[in-house]
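# Structural overview
Here are the chains, one letter per residue:
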Amino acid sequence: MTEARMAEAATRRDVVVVGAGFGGMYAVYKFREMGHDVAGIEAGGNVGGVWYWNRYPGARCDLMSVDYSYGFHEGIQQEWTWSEQFAAQPEILAYANFVADRLDLRKHFQFETRVTSAIWDEHAQLWRVTTDRGEVIEAPFCIMSTGPLSIPKDPEIEGIERFKGQLLRAQKWPHEPVDFAGKRVGVIGTGSSGVQIIQTVGRQAEALYVYQRTPSWTLPMRNHDLTPDYIDEMKRHYPELRQAMRMNPTGGTRPVSTRPFFSLPPSQRRDVMEHAWQDGGHTFLACFSDLLLNQEANDQVADFVREKIEGIVDDPQTAEALKPRGYPIFARRPCLDTEYYETYNLPHVHLKDCLKDPIVEITEKGILTESGEVELDVLIFATGYDALTGALLAFDVRGRDGRRLKDKWKGGPSSYLGMMIEGFPNLFTTCGPNGPAALANIITISENDVDWIASLITHMKEHGLTSAEPSADAENSWMEIVHALAAKSLVRKAQTWWVGSNVKGKPTGLTMFVGGFNKYREYCDAAAATGYADLQFAGVEKFDEAYAHG
Ligand code: NAP
């Protein structure tokens, strides 16, 4: 279709929001409440984002429910009651649906629809977004709430299509329950998803074979039901809790210590670690200030956790294979588990160490490693995502002068505050690849990002401006901050999706903001306080034409 024909056939809106996860849902609500005509587009059949797709057995959030929930709406906070300290996927999905009903959000979304391109029209000062249903939506503003973890990645192993048993993917689990009783099950992947699947399916299947390449660090979750007293207290104090979350490096309520590891004598350090282990959750991450900065401190904490693994796992060879080595603890996303290591004490659970005995191929019957074939009825991939940039590069995004985002980011993502991209006016990302996504609470970040974008759009409207984009200098300055912090962090030392090394051919490097959510928010606030001095604006005379609905 020519541009003129596309424009003729297009539906006109003020804002397009891509994604109905927690970022996209809040964006749709916020812009609607501001009086804008909003179009939401979502590939899934309903709201919930990653929680809509990830229905695997044992799926659970390892952020506390009080943290992993919206703070922008007092009615929702008071009406919704969490049942557990760490909520399971069905409850989180129910929460997303509750929010969608309560705020009447679904009517703004078109579900089971994928964006195929988003192209900036400089002359008309708007984005032209096309979908796989053949529609074209035009809007001055386009918000990509596509999520850092939404493009599943299969393992790069020969023969996947040959397997005649049941093949399941953690990231796109069937909606109907899967019965593992009497089945021989194989799991490839021991990240957060794999750990949760293994500890759950290991107790249901006739035999479980875990194909582990890199062992993960996992800590006890020690989940429990929330008591009525705790819930009352939480509901009474939500305003203070939300305020504390905004001041916290993780965007959560758990305080983070300012005490460096070596500031305590050895016996006290051990007591602190033992207490953190017994307390469960992410207490461990918060009990010293320098675990991701000081290699020696990190080594000692790693030794402590390796000792714990040894104490739990009966078979010394299995225990040895489960102990992570060669990369800092917490430099790979730490998992929280419920009797994960204990699972390997069950006689029908077998650890296959792919570092010593690599997978050769997937066969019709199961998995062939160098030492032989294991026959399986069910094979589960828990092999992660093309994270952070995958969803944004999954379709054709073209900015000013037809510049493609794929080309701009061929050496890795760069943006301003993880929210705006030089050369791509009025395009916004929430939880973008150069912000603190993945290292802090994604709901807190989403609320911050949507609010920031909303304030900027209000500013533009008040000043009759049709487009905004960061200057090249502003983007470079932000990326210098990101890189300088990354250079000091031990996070860059592990091969993970955090640095892009899990996807063949992907540019690698730590491009996330590792300075903590609180610092990130301060940068965002400061940028707005200057009257958006880092941005270049266009417009005025064409304002009414380009932005007619708001
Ligand atoms: P992941 O952390 O990227 O783990 C993928 C796993 O697959 C790794 O163990 C990887 O091993 C393995 N793998 C990939 N290709 C392989 C191959 N060819 N042979 C053998 N092993 C292979 O992915 P994930 O577990 O889905 O987790 C992604 C993120 O989602 C987490 O870090 C977390 O942020 C989020 N998540 C959170 C929760 C929660 O809140 N509890 C639950 C699930 C997911 P290598 O490391 O050796 O490549």
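For clarity, every value in this text was computed on a predicted model and none was experimentally measured.

## Considerations on the site of the ligand
Close to the ligand lie 23 residues, the nearest being Ser193, Arg213, Thr214, Arg332 and Trp497. Within the backbone of serine 192, an N or O atom sits 3.1 Å from an oxygen atom of the ligand. Within the side chain of threonine 214, one N or O atom sits 2.5 Å away from an oxygen atom of the ligand. Here the ligand has 910 Å² of accessible area as a free molecule, and 89% of this is covered by the chains. For the shell around the ligand, the element with the most residues is helix α6 (residues 192-201), which contributes three residues. Across the shell around the ligand, the residue classes break down as nine nonpolar, nine polar and five charged.

## A word on the packing of aromatic side chains
Two aromatic rings, taken as a pair, are described by how far apart their centres are and by the angle between their planes. Following the criterion strictly, the structure yields 33 aromatic pairs and no others. Each ring, one from phenylalanine 261 and one from phenylalanine 262, has its centre 5.0 Å from the other, and the planes form 85°; the classification is edge-to-face. Summarising the aromatic geometry, the rings of phenylalanine 513 and tyrosine 523 are spaced 5.9 Å apart at their centres and angled 85° between planes, so their arrangement reads as edge-to-face. With phenylalanine 513 in the loop between α16 (472-488) and α17 (517-529) and tyrosine 523 in helix α17, this pair connects stretches of sequence that are ten residues apart. Overall, the relative accessible area of 1% leaves phenylalanine 513 in the buried class. Among the residues examined, tyrosine 523 registers a relative accessible area of 35% and is labelled partly exposed.

## Quick word on the sheet that holds strand β17 (residues 372-375)
Taken in spatial order, the three strands make up an open sheet running β15-β16-β17, and their pairing is antiparallel. In this open sheet, the two edge strands, each paired with only one partner strand, are β15 (359-362) and β17. When strand polarity is set aside, the average angle formed by the axes of neighbouring strands in this sheet is 20°. Judged from the four bridges that link them, strand β16 (residues 366-369) and β17 form a sheet pairing that is antiparallel. Each residue of the ladder has a partner; that of glycine 366, found in β17, is glutamate 375.

## Description of the nonpolar core
Core analysis: the largest hydrophobic core is formed by 122 residues, its most contacted members being Phe31, Phe180, Phe284 and Trp452. Here the element with the most residues in this core is helix α15 (residues 442-462); it accounts for nine residues. When residues of this core are sorted by domain, at least three fall in each of domain 1 (3-150 + 387-533) and domain 2 (160-228 + 255-381). Counting 21 residues, the second-largest nonpolar core is a separate cluster that includes Val18, Ala39, Ile41 and Val129.

## Side note on the sheet that holds strand β5 (residues 115-121)
With respect to topology, five strands assemble into an open sheet ordered β1-β7-β6-β5-β19, the strand pairing being mixed. The sheet is open, and its two edges are formed by β1 (11-12) and β19 (396-398), each paired on a single side. Alignment of β5 against β19, held across three bridges, turns out to be parallel. In the sheet register, serine 117 faces β19, and the bridge partner there is aspartate 396.

## Thoughts on the domain arrangement of the chain
Split into domains, the chain comes out as domain 1 (3-150 + 387-533) and domain 2 (160-228 + 255-381). The straight-line distance from the C-alpha centre of domain 1 to that of domain 2 is 30 Å. Between domain 1 and domain 2, the residue contacts involve 28 residues of the former and 35 residues of the latter. The junction of domain 1 with domain 2 conceals about 2,600 Å² of combined surface from both sides, 57% of it contributed by carbon and sulfur atoms. Taken as a group, Tyr56, Asp62 and Leu490 account for 26% of the area that domain 1 buries against domain 2, more than any other trio of residues on that side. At the boundary of domain 1 and domain 2, one finds one salt bridge. Here arginine 333 and aspartate 62 are joined by a salt bridge, their closest N and O atoms 2.9 Å apart. At the surface where domain 1 touches domain 2, the tally comes to 14 residue pairs in polar contact (both at pLDDT 80 or more).

## Description of the side chain of threonine 363
Position of threonine 363 relative to the elements: it lies in the loop between β15 and β16. The residues contacting threonine 363, other than those within four sequence positions of it, are Arg162, Phe163, Leu368 and Glu373.

## Quick notes on the environment of glutamate 310
Here glutamate 310 is to be found in helix α11 (residues 295-312). On the basis of relative accessible area, glutamate 310 is assigned to the partly exposed category, the value being 48%. With ten residues separating them along the chain, glutamate 310 and glutamate 320 place their C-alpha atoms 7.4 Å apart. Not counting residues within four places of it along the chain, the set of residues in contact with glutamate 310 comprises Ala319, Glu320 and Lys323. A polar contact is formed between the side chain of glutamate 310 and the side chain of lysine 323, at a distance of 2.3 Å.

About the criteria used
Residues numbered from 1 in each chain as written. Predicted model: local features only at pLDDT ≥ 70, side-chain atom pairs only at ≥ 80, totals over all residues. Heavy atoms only, no water. Near = heavy atom within 4 Å. Polar contact = N/O pair within 3.5 Å; in protein donor to acceptor, adjacent residues only side chain to side chain. Areas by Shrake-Rupley, 256 points an atom, 1.4 Å probe, with all protein chains shown as cover. Helix = DSSP H or I, 4+ residues; strand = E, 2+ residues; numbered from the N terminus. Nonpolar A, V, L, I, M, F, W, Y, C, P; charged D, E, K, R; others polar. Phe/Tyr/Trp six-rings, centres within 6.5 Å; stacked < 30°, edge-to-face > 60°. Buried < 20%, exposed > 50% of the residue type's maximum accessible area, 1.4 Å probe, protein only. Pairing = 2+ DSSP bridges. Axes fitted to C-alpha atoms, helices over the stretch in contact; angles between N-to-C directions. Core = buried A, V, L, I, M, F, W, Y, C linked by side-chain atoms within 4.5 Å. Domains from an automatic or database assignment. Contact = heavy atoms within 4.5 Å. Buried area = accessible area lost by both parts, 1.4 Å probe. Salt bridge = Lys/Arg side-chain N within 4 Å of Asp/Glu carboxyl O.

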